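What follows is the residue order along each chain.
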Amino acid sequence: MSSIISAENLSKAYRVGKKQEQADSLIGLLRDSVTAPFRRYRSFRQPTAVENESSNFNDDNHWALRDVSFEVQAGEVVGIIGRNGAGKSTLLKILSRITEPTSGQVYLRGRVSSLLEVGTGFHPELSGRENVYLNGTILGMTKREIDTKFDEIVDFSGVEKFLDTPVKRYSSGMRVRLAFAVAAFLDPEILIIDEVLAVGDAEFQKKCMSRMGHIAGGGRTVLFVSHQIGVIQQLCSKGLYLAGGRVAEFGEINRVVEAYNRSQSSEAGNWTVQKDSPNHGKCKLLKLQIGSERSSRGGIISLGGPVCFTFILSQKVKEIDISFTIRDSAGNAISNLDSWRRNQEDQLDGDPSDTFECYIPECPLRAGRYTLDVQLTRNREMQDQILGEITFDVEDGVYRGRTFPYPSTPGPVCFDHIWQIK
Amino acid sequence: MNTKIGMLIQKQEPEAKLSREMLIRRTDGWQVINLSEIYRYRDLVWFLTWKNIKVLYAQSVIGIGWAVLQPLLSMLVFTIVFGMFAKMESDGVPYALFSFCALVPWAYFSNSLLESGNSLVAQADMLSKVYFPRLVLPLSAILAKLVDLGIALVVLGGMLLWYQRPPNLGIVVLPLLVVIMMMTAGGLGMILTSLAIQYRDVKHAMNFLVQLLMYAAPVVYPMSFVPEWLQPYYALNPMVCVIEGFRSALLGTREMPWSWIASGFITSTLLFTIGLLQFRKQERIFADVA
C-alpha cells in the first residue's frame, strides 16, 4: 500500500522586514524619503520568493518550515504537535493549498478538505440556511452534496428553529454549532483539522469529539493539530512533532508525545513570548513568571507551598480580564482562575499597570507537570491567547499538615478537609 | 528522483483513478487557467454572487433602490450642469435621456470594477483559511452587479415610455455590449484586485481612476465632440462602443457602430485575458500577503 500523503523536504520561507537604515543628514533624509517607496516596493514585491541557495542564509528570511518529510498511510490519524511558531499552521496551510511551499513537494492521493477555522465565510446578514450552503461550497462541496446532507447537518447543529433567521441574531454558541456541523459532514479522503474542537459548551464539545472519533475510525486519513496532548493521544495513532520548523519526532503517538514532554521540561516555570505577532493595538502577554514566592520567578513549587503567577503585558491597562486554565499532563482542565471573578481580597482597582499577579497561598496541586492556557480579554474582546505553551512543575509536599510523599496516591488535587468522630 | 518516478508510475494504477490526486509544489511565472476547477466550484460562484446581492441591500433603508438612485441622481446633476447651463449638444435627443442612456451602463461598469477590485481585500480573512479558486471572488462581484444593471434598465425603459421613444431592432445587440462591459470590468478588476491585496494604495487610486475614466468615454458629451481622426483610437476604449451602442439601439442617434464594437470587443477580450493571467500569476502569494 502506497502512502496517501508523501511530503518531501518541504520548506517555507517568509521574508521579514529588515531594520530601516537611519538617515544621517537632511540630504540623506530627503534622499531616503524619495527612494523609500522604491525600497519598500522591492522589499515586499515577492514576500515568499527565495530565489537561490545562497539567499537561504539571508537574515531577511524566516524559515517557518525546513526540510519536512514524512509519509502518511491511508486511514492513519496523525496528530501534529509543537509549540506556537513551530510551523504547525504553515504545514497545514501548505497541505490544504492555501499557500505554496518555497521548496520541496507534497503528493496527495485523495481529495483534501481542510478545517483551519470553523465558519469561514459565514456572513451575519445571511440566514442559517444560506450560510450552510455558502460555507459548504467554500469548503469544496457542491450544492447537490449539501442538499443530501442538509437535514443531518441541521439535526447535528440543533438550530433547526432558527434556520431562516439571519445569523447575526444567533448566539455565538449557536453560530459555532452550525459552523461545526457543516464541517462535520464533509466527506473527503484526507481531512486536515486545526484545533477546531475547542468550541462551544462542554456538551457540544463531547458531541464534536465523538463525531471526530467517528471520522477517524471511518478509515479516513486525518491530520490533526491540537495543543491538547490528551486529545491527541486519544484520537491519533501517529504523531508528528515539529520544533523550529523541523521534524523533531515522527512515528507512534506515545513515543512522539514523550519526546515532546521531555523537551518541554527545560522551559518549565518561565515563559516569554517567542514570535512578534502583529498586535493591532491589542494588549498581549509578553511574559509569565511562575515562582514559589510573591513577585519571584523560579524556585521549587510544592504542594501546600505558595505559587505566584506574574503576568507582564505589552501595555499599561486598567480594565483587563486575565483568565487561565490549569491542565494536567493529559490535557484535562483542573481549574480556571479568572480576574473577573472577584472577591474582597483582590486588589485590582488602581492606576493602569502592565504587571498583574495571581497568588495562591497554598498550592493544592499534586506532583506533576501542569500546562496553562491563558486568555486576555478587554471590553469583551479577546486580546491574546496562549494555549498549551506554558508549563510548570509541582513537587509533592505537605498540604495543611497532611503529607503526600507518595506519587502513587491517586488524584491531581488536594482539598482542605476535616475528619471527626461522631 | 527515484521516488518522483515511482509516484508517476503509481499514478497509472487503476485504484488511484478513483480519487483526486495532486502534487503541491512551488509554481513560478505564468499559470494556465484551470477552467475545470472553476466549473467544479460553480456552486460557490453562485452562492457568493447571491451573498453579494443580499448583503449589499440587507441593511439599507431603500434597499435595491440604490441601484436606481445612483444613475438617476447623476443624470439630474449632469442635465442641470451640462444640459441646461453649458447647453451641451446631445445628438438631437433630450439631454436627460441622452445622459441616462450612458449612465446606466457606466454605473454598472464603474461599480463592478470597484467591487471586483476590492473583492480580495474585502475577503482577505477567507484567503488564509481555506483553499478555493480565488478567481471566484472577482467573478462573483461582477455577476452580482448585473442585478443592479437589470433594475436600472427597467427604469431606462420607463423613461423611454415617458418620452414616447420606441427602441429599434438594435436592442438585440445589447447582450453583446453587456458581455463586452463585463469582460472589461472583470479584466481591469482582476488586475487591480491582485495588486490591491499586496499594495493597499491601489484602493485609493482605484476610486480616482474610475472618476477619470468617465471622461474618457462619451458619457456627458456626444461622440461628435471627438475629432474625426481621433475616433478610431478613442473607440479602443470598450466603453465607447457600449455607450454608443446603447444610444443607437434605444435612442436611434446613429447606425449601430459595428466597427467600434469590433475594436471594443478585441480590447475587452485582451483586457480580460491579461487580467486572468495576471491574477493567476499573483494568486500564489495572496494568502501570504493578505
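Please read these numbers as outputs of a predicted model, since none were measured by experiment.

K.L.:
I'm lost on the environment of Ile261(B) in this one. Help?
P.N.:
Residue and element names in this part refer to chain B. For Ile261, the location among the structural elements is in helix α12 (residues 258-283). On the accessibility criterion, Ile261 (4% relative accessible area) is buried. Considering only alpha carbons, one finds Ile261 and Val242, 19 residues apart in sequence, at a separation of 7.4 Å. The contact partners of Ile261, leaving out residues within four places of it in the chain, are Val173, Leu176, Leu177, Ile180, Cys241 and Met256.

K.L.:
Please explain the pairing of strand β7 (residues 221-225) of chain A as it appears in this structure.
P.N.:
Walk down a regular strand and you will see the side chains alternate between the two sheet faces. All names here are of chain A. Where burial is concerned, most of β7 is hidden: five out of the five residues are buried. Burial along β7 is two-sided: Thr221, Leu223 and Val225 and Val222 and Phe224, pointing in opposite directions, are all buried. Sheet analysis places strand β3 (residues 77-81) next to β7, joined by four bridges and oriented parallel. By the bridge assignment, Ile80 is partnered in β7 with Val225. In the sheet, strand β6 (residues 190-194) pairs with β7 via five bridges, with the strands oriented parallel. Looking across to β7, one finds that Asp194 is bridged to Val225.

K.L.:
Hey, could you run me through the sheet that holds strand β5 (residues 112-115) of chain A in this one?
P.N.:
Backbone-to-backbone hydrogen bonds join strands into a sheet, with any given pair of strands oriented parallel or antiparallel. All names here are of chain A. An order of β5-β6-β7-β3-β8-β9 is seen for the six strands of this open sheet, with the pairing classed as mixed. Both edges of this open sheet fall to β5 and β9 (246-252), since each of them pairs with a single strand only. For this sheet the average axis-to-axis angle between neighbouring strands, irrespective of direction, equals 15°. Its contacts with the sheet place helix α2 (residues 88-95) against β3, β5, β6, β7 and β8 (238-243), and it is angled at close to 150° to β6.

K.L.:
Got a minute to help me understand a negative patch on the surface in this structure?
P.N.:
Residue and element names in this part refer to chain A. A cluster of like negative charges, contributed by Asp151, Glu152, Asp155 and Glu160, occupies part of the molecular surface. Along the chain, the position of Glu160 falls in the loop between α4 (143-157) and α5 (172-184). Classification of Glu160 by relative accessible area gives partly exposed; the value is 43%.

K.L.:
Explanation requested: the pattern of salt bridges in the structure shown.
P.N.:
Note that side chains of opposite charge can pair when their charged atoms are close. Residue and element names in this part refer to chain A. One pass over the structure, following the stated rule, counts 21 salt bridges over all chains. Across the salt bridge formed by Arg111 and Glu145, the nearest N and O atoms sit 3.8 Å from each other. One end of the pair, Arg111, is in the loop between β4 (103-108) and β5; the other, Glu145, is in helix α4, with 34 residues separating them in the sequence. Taking the relative accessible area as the measure of exposure, Arg111 reaches 19% and is therefore buried.

K.L.:
For this particular structure, what's the right way to read the packing of aromatic side chains?
P.N.:
The relative placement of two aromatic rings is captured by the distance of their centres and the angle of their planes. What the rule picks out here adds up to 16 aromatic pairs over all chains. Between Phe162(A) and Tyr170(A) the ring centres are 6.5 Å apart and the planes differ by 65°, which places this aromatic pair in the edge-to-face class. Seen from their ring centres, Trp106(B) and Phe109(B) are 5.2 Å apart, and the 45° between their planes marks the pair as tilted. Taken together, the residues span about one helical turn, with Trp106(B) and Phe109(B) both in helix α5 (residues 95-122) at a distance of three residues. Each member of the pair, Trp106(B) as well as Phe109(B), is classed as buried.

K.L.:
Any chance you could explain the packing of α5(B) against helix α11 (residues 238-251) of chain B here in plain terms?
P.N.:
Any two packed helices are characterised by the angle at which their axes cross and by the distance between the axes. All names here are of chain B. Put simply, α5 and α11 touch, their axes get as near as 9 Å, and they point 135° apart. Here α11 runs oblique to α5, going by the angle between their axes. In the packing of α5 onto α11, the handedness of the crossing is right-handed. Between α5 and α11, the residues in contact are Leu97, Phe98, Ser99, Cys101, Ala102, Pro105, Trp106 and Phe109 and Met239, Val242, Ile243, Phe246, Arg247, Leu250 and Leu251, respectively.

Cut-offs applied
Residues numbered from 1 in each chain as written. Chains lettered and ligands numbered in written order. Predicted model: local features only at pLDDT ≥ 70, side-chain atom pairs only at ≥ 80, totals over all residues. Heavy atoms only, no water. Helix = DSSP H or I, 4+ residues; strand = E, 2+ residues; numbered from the N terminus. Buried < 20%, exposed > 50% of the residue type's maximum accessible area, 1.4 Å probe, protein only. Contact = heavy atoms within 4.5 Å. Pairing = 2+ DSSP bridges. Axes fitted to C-alpha atoms, helices over the stretch in contact; angles between N-to-C directions. Patch = residues over 30% accessible without salt bridge, like charges linked within 9 Å, V, L, I, M, F, W, Y side chains within 5 Å. Areas by Shrake-Rupley, 256 points an atom, 1.4 Å probe, with all protein chains shown as cover. Salt bridge = Lys/Arg side-chain N within 4 Å of Asp/Glu carboxyl O. Lys, Arg positive; Asp, Glu negative; His and termini not counted. Charge placed at Lys NZ, Arg CZ, Asp CG, Glu CD. Phe/Tyr/Trp six-rings, centres within 6.5 Å; stacked < 30°, edge-to-face > 60°. Parallel < 35°, antiparallel > 145°, perpendicular 65-115°, else oblique. Left-handed = near helix turned anticlockwise from the far one by under 90°.

Coordinates in, geometry out; function isn't part of it.
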